Amino acid sequence: MKSFPGVARLTFTDRGRTELSKLEWKGEEDNSFEDGGTFTYALPPAGAYIPPQNAVPKKSQLVRPRPDQALFRKTLGLAYGQACSVTGCMVDQVLEAAHIDDYIAPDSNHPSNGILLRRDIHALFDAHLIAIEPDTHVIHVAPMAQQKGGYTEWQGRKITLPKEETHQPDPGALKRRWQKFNAAHR
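To start, this report covers the structure provided alongside it. (Residues numbered from 1 in each chain as written. Predicted model: local features only at pLDDT ≥ 70, side-chain atom pairs only at ≥ 80, totals over all residues. Heavy atoms only, no water.)

**Topic: the packing of aromatic side chains**
Under the defined criterion, the tally for this structure stands at 1 aromatic pair. Relative to F181, the ring of W178 has its centre 5.8 Å away and its plane inclined at 20 degrees; by these criteria the two rings are stacked. Here W178 pairs with F181, and both are found in helix α4 (residues 171-184), just 3 residues apart, close to one helical turn. Directly above the aromatic system of F125 lies the positively charged group of R177, at a separation of 4.2 Å from the ring centroid. (Phe/Tyr/Trp six-rings, centres within 6.5 Å; stacked < 30°, edge-to-face > 60°. Helix = DSSP H or I, 4+ residues; strand = E, 2+ residues; numbered from the N terminus. Lys NZ or Arg CZ within 6 Å of the ring centre and 35° of its normal.)

**As for the nonpolar core**
Counting residues in each nonpolar core, the largest one holds 32 residues, and the members touching the most others are V86, I115, L117 and I121. If you list the elements that add at least two residues to this core, you get α1 (69-79), β4 (95-99), β5 (114-118), α2 (119-126), β6 (130-132), β7 (139-141) and α4. Top element by residues in this core is α4. It accounts for 4 residues. Residues in contact with I115, not counting those within four places in the same chain, are L76, Y80, S85, E96, A97, A98, I100, F125, I132 and I159. (Core = buried A, V, L, I, M, F, W, Y, C linked by side-chain atoms within 4.5 Å. Buried < 20%, exposed > 50% of the residue type's maximum accessible area, 1.4 Å probe, protein only. Contact = heavy atoms within 4.5 Å.)

**Brief notes about the side chain of R177**
Within the secondary structure, R177 sits in helix α4. When its relative accessible area of 4% is taken as the criterion, R177 is described as buried. Of the polar contacts made by the side chain of R177, one reaches the backbone oxygen of F125; its length is 2.8 Å. R177 has contacts with H99, I100, D102, F125, D126 and H128, leaving out every residue within four places of it along the chain. (Polar contact = N/O pair within 3.5 Å; in protein donor to acceptor, adjacent residues only side chain to side chain.)

**Focus: the pairing of β4**
Along β4, 4 of the 5 residues are buried, which leaves the element largely enclosed by surrounding structure. Pairing analysis gives 5 bridges linking β4 to β5, with the strands arranged antiparallel. Residue pairing for β5: A98 is matched across the bridge by I115. (Pairing = 2+ DSSP bridges.)

**A word on the pattern of salt bridges**
Counted by the stated rule, this structure contains 6 salt bridges. Between R119 and E96 there is a salt bridge, with its nearest N and O atoms 2.8 Å apart. Pair noted here: R119 is in helix α2 and E96 is in strand β4, with a separation of 23 residues, a long-range link. Judged by relative accessible area, which is 43%, R119 ranks as partly exposed. (Salt bridge = Lys/Arg side-chain N within 4 Å of Asp/Glu carboxyl O.)

**What about unusual backbone geometry?**
Phi at Q82 takes a positive value of approximately 55 degrees, unusual for a residue other than glycine. Mapped onto the elements of the fold, Q82 is located in the loop between α1 and β4. Of note, the phi angle at H137 is positive, near 60 degrees, even though the residue is not glycine. Relative to the helices and strands, H137 resides in the loop between β6 and β7.

**Let's talk about α1**
Every α-helix winds through 3.6 residues per turn, so residues three or four apart in the chain are directed the same way. For α1, the set of buried residues is F72, R73, L76, G77 and A79. Looking straight down α1, one finds that the buried residues subtend no more than 165 degrees of arc, so they occupy a single side. Relative to its buried face, α1 has exposed residues pointing more than 90 degrees away, namely A70, L71, K74 and L78. Looking at the buried side of α1, the elements it contacts are β4 and β5. (Arc of directions from axis to C-beta.)

Following this line, the structure appears as structure tokens:
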């Protein structure tokens, strides 16, 4: 097998670097890259699944819950009627208490610094792929989450707010989160 010393430049189609879209090559003596073509990688077929006979022991790790996290979740659950404020989902096992301003101390667990969200919506919210417009409470979904994640249906809808005004999202916290969302998608 012959080798060709040089440098390859790879271009991927996604941020997770799971699909290669372009390969460029520059040999030792070359001054610039040459197009090496476009490639698509396909997973090879998998063999038949055979259930394992012996379980691998699981590693346990200590996870320290934040102080008053359970109380924060319970308070938001009551405030939002045990439903995700974006989707309306009422499956308790997938609902989470999301902080609008990041948690930095126990005082961060104030109901107006929280919003009850379905687990996937919470992850998008924390990644600044979904935001709530502070003045209108309209949901904005980043283009990538709409195109690749199928979250288009939530774009332009309003969140459901708690009836109790003191439990509604703090406008200042929403504004800070909104600014981070806009900065991430300029």
